Amino acid sequence: MASVLGQMRPGFTTTVDKMKLLSSPASGFVIPLGPFSRIKRSHAFAVSCRLSSNKDFAVPRRGAIAFIFSSFILSHPDLRDAAFAQSVGFREYVDTFDGYSLKYPQNWIQVRGAGADIFFRDPLVLDENLSVEISSPSSSRYKSVEDLGPPEEAGKKVLQQYLTEFMSTRLGVRRESRILTTASRTADDGKLYYQVEVNIKSYANNNELAVMPQDRVARLEWDRRYLSVLGVENNRLYELRLQTPEKVFAEEENDIREVMDSFRVNKVVA
């Protein structure tokens, strides 16, 4: 466990690969055609737009984008077929070399150099992403995810690793964390998986160098939910990590749960 947890990174500061933009003067929309470098099937279209909301009218981010995209496509017959081909909400990623597979939202883009085995990010909400971490084959001999102990013990280890990664040398920074849920499940492949959900909040003083305590006011920097799925195969520990801001978790929860349920570890054939 120490091996793979020591390699885990939250990945929320990684820079997204630059995207080429194709503009449509007639429509006024901008369609990003991102470099889906490791996606093995077809390219996805996604509409990038600015959404506004107020107290009287608020549209869920993903629903609004889908509506605008559909309207745009239906008015352009040459793009209609491509749009209907991408009507499903997820793509499948299969890594036969390392031995795992998962689904991810079709509008997410792959980011290289993030320090994980694979890393996908929502291009609109940069704090929302997923990654996969794998223990070293030379230093781990896992037989089952139960080698980590019961789910509650695995949850403590996962949370501690996150807190270690988020350690800061800045003055006046503190983290608040708690384990939300831990569970185990047997998937349709017959393997046992652990699931862990934690919440972490980061606070920082607005004036950390102030002499008087009343001049150092702690404010919330970010509030995120971290969800992990742990599995063992090929004598290695695999962890699917998902990160999302708490303020959008309720809107994205169904999609996040589907990604979590799709994660499988597979036997690597030499």
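Naming follows an unreviewed UniProt entry, where the chain appears as PsbP domain-containing protein 1, chloroplastic-like of Coffea arabica. Recorded in UniProt for the chain, the comment headed Subcellular location (unreviewed entry) runs: "Plastid, Chloroplast thylakoid membrane".

Enquirer: Looking at this model, I keep getting lost on the environment of Ser144. Mind explaining?
Expert: You can see Ser144 is positioned in the loop between strand S7 (129–134) and helix H4 (151–165). By relative accessible area, which is 21% here, Ser144 ends up partly exposed. Remark: the alpha-carbon pair of Ser144 and Tyr193, spanning 49 residues in sequence, is separated by 9.0 Å.

Enquirer: What's the story with the side chain of Asp122 in this structure? I'm lost.
Expert: Mapped onto the elements, Asp122 comes out in the loop between strand S6 (118–121) and S7. Polar side-chain contacts of Asp122 include one of 3.4 Å to the backbone nitrogen of Val125.

Enquirer: Could you clarify how one ought to interpret the sheet that holds strand S8 (residues 173–186) in this entry?
Expert: Strands pair in a sheet through their backbones, by hydrogen bonds, and they do so in one of two ways: parallel or antiparallel. The antiparallel open sheet is built from seven strands, whose spatial order is S5-S6-S7-S11-S10-S9-S8. Since the sheet does not close on itself, it has two edges, and those belong to strand S5 (109–110) and S8, each with one partner. Contacts from H4 reach S8, strand S9 (192–205), strand S10 (218–233) and strand S11 (236–245), with the element oriented near 150° to S8.

Enquirer: When you look at the nonpolar core in this model, what are you seeing that I'm missing?
Expert: Across soluble globular proteins, nonpolar side chains have a tendency to be buried as a group. Among the nonpolar cores identified, the biggest contains 24 residues, and Tyr100, Leu102, Leu130, Val132, Leu240, Leu242 and Phe263 are the most heavily contacted of them. Here this core gets four residues from one element, more than from any other, and that element is helix H5 (residues 246–262). With sequence-adjacent residues up to four places away left out, Leu130 is seen in contact with Leu102, Tyr104, Trp108, Ile118, Phe119, Phe120, Leu240, Arg241, Leu242 and Val259. Ranked by size, the runner-up nonpolar core spans 17 residues in total, among them Ala154, Val158, Phe166 and Leu230.

Enquirer: Just to check I follow, could you spell out the sheet that holds strand S4 (residues 100–105) for this structure?
Expert: Taken in spatial order, the three strands make up an open sheet running S3-S4-S12, and their pairing is antiparallel. One side of each edge strand has no neighbouring strand; the edge strands of this open sheet are strand S3 (90–95) and strand S12 (264–265). The sheet contact formed by S3 and S4 spans six bridges and is antiparallel. Along S4, the bridge assignment pairs Val94 with Ser101.

Enquirer: Please explain the packing of aromatic side chains as it appears in this structure.
Expert: Aromatic rings considered in pairs are described by the distance between their centres and by the relative angle of their planes. Applying the stated rule across the entire model yields nine aromatic pairs. With centroids separated by 5.8 Å and ring planes inclined at 70°, the aromatic side chains of Tyr93 and Phe120 adopt a geometry described as edge-to-face. Of this pair, Tyr93 sits in strand S3 while Phe120 sits in strand S6; the two residues are 27 residues apart in sequence, bridging distant segments of the chain. A centroid spacing of 6.4 Å and a plane angle of 45° characterise the contact between Tyr100 and Phe263, whose relative ring orientation is tilted. Here the residue Tyr100 occupies a position in strand S4, and Phe263 occupies one in the loop between H5 and S12, the gap between them amounting to 163 residues. In this pair, the class of Tyr100 matches that of Phe263, namely buried.

Criteria and cut-off values
- Residues numbered from 1 in each chain as written.
- Predicted model: local features only at pLDDT ≥ 70, side-chain atom pairs only at ≥ 80, totals over all residues.
- Heavy atoms only, no water.
- UniProt positions renumbered as here; feature names shortened; annotations may be inferred.
- Helix = DSSP H or I, 4+ residues; strand = E, 2+ residues; numbered from the N terminus.
- Buried < 20%, exposed > 50% of the residue type's maximum accessible area, 1.4 Å probe, protein only.
- Polar contact = N/O pair within 3.5 Å; in protein donor to acceptor, adjacent residues only side chain to side chain.
- Pairing = 2+ DSSP bridges.
- Contact = heavy atoms within 4.5 Å.
- Axes fitted to C-alpha atoms, helices over the stretch in contact; angles between N-to-C directions.
- Core = buried A, V, L, I, M, F, W, Y, C linked by side-chain atoms within 4.5 Å.
- Phe/Tyr/Trp six-rings, centres within 6.5 Å; stacked < 30°, edge-to-face > 60°.

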